[in-house]
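Residues per chain are reported as follows:
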Amino acid sequence: MEMFREVSEVYFHREPVDLRKAIDRLSSIVALEMKLVACSGAVFVFCNHTRNQLKITYWDRTGFPLRYKRLEKQ
């Protein structure tokens, strides 16, 4: 699976998000708070309060892949 094959834009949601939220709630944040279209082909990045975890979603023409990343200090 190739991620981000044709990325048009990347958007970062500035406010922390409860990362227990699934794709449906994250998509509604994109639509209602960010005033953007979730299936536009753009990548949307959400973080938690401590900013050490990310959830990344985008539309790949077949659905919304949801990626989770925990950031570690080096």
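These remarks concern the structure in this document. Here the structure is a predicted model, which is why all the values come from computation and not from measurement.

Moving on, we get to the pattern of salt bridges. The tally for this structure, following the rule as stated, stands at 2 salt bridges. Between D18 and R20 there is a salt bridge, with its nearest N and O atoms 2.8 Å apart. Judged by relative accessible area, D18 falls into the partly exposed class, the value being 32%. Owing to a relative accessible area of 73%, R20 belongs among the exposed residues under this scheme. We note a salt bridge from R70 to E72, for which the minimum N-O separation is 2.7 Å. A residue is classified by how much of its surface remains accessible, and E72, at 53% relative accessible area, is exposed.

Time to look at the nonpolar core. Counting residues in each nonpolar core, the largest one holds 10 residues, listed as V17, L19, L26, I29, V30, M34, A38, A42, F44 and F46. Sequence-distant contacts of F46, defined by excluding residues within four places in its chain, comprise H13, V17, L19, L26, I29, V30, Q53, L54, K55 and T57. The next biggest cluster of nonpolar side chains, apart from the first, holds 6 residues, and it includes V43, V45, L54 and I56.

Right, let's talk about helix α1 (residues 23-32) for a bit. Of the residues making up α1, those classed as buried are L26, S27, I29 and V30. Axial view of α1: buried residues confined to an arc of 155 degrees, hence all on one face. Exposed residues lying more than 90 degrees from the buried face of α1 are D24 and L32. On its buried side, α1 packs onto β2 (43-47), β3 (53-58) and β4 (66-70).

Attention shifts here to the sheet that holds β3. Spatially, the 4 strands line up as an open sheet ordered β1-β2-β3-β4, and their pairing is mixed. Unpaired on one side and paired on the other, β1 (10-12) and β4 mark the two borders of the sheet. Taken over all neighbouring pairs, the strand axes of this sheet differ in orientation by 20 degrees on average, direction set aside. Bridge count for β3 against β4 is 5 bridges, and the pairing is antiparallel. Residue pairing for β4: T57 is matched across the bridge by L66. Where α1 meets the sheet, its contacts fall on β2, β3 and β4, and the angle it forms with β2 comes to roughly 105 degrees.

Rules and cut-offs
Residues numbered from 1 in each chain as written. Predicted model: local features only at pLDDT ≥ 70, side-chain atom pairs only at ≥ 80, totals over all residues. Heavy atoms only, no water. Salt bridge = Lys/Arg side-chain N within 4 Å of Asp/Glu carboxyl O. Buried < 20%, exposed > 50% of the residue type's maximum accessible area, 1.4 Å probe, protein only. Core = buried A, V, L, I, M, F, W, Y, C linked by side-chain atoms within 4.5 Å. Contact = heavy atoms within 4.5 Å. Helix = DSSP H or I, 4+ residues; strand = E, 2+ residues; numbered from the N terminus. Arc of directions from axis to C-beta. Pairing = 2+ DSSP bridges. Axes fitted to C-alpha atoms, helices over the stretch in contact; angles between N-to-C directions.

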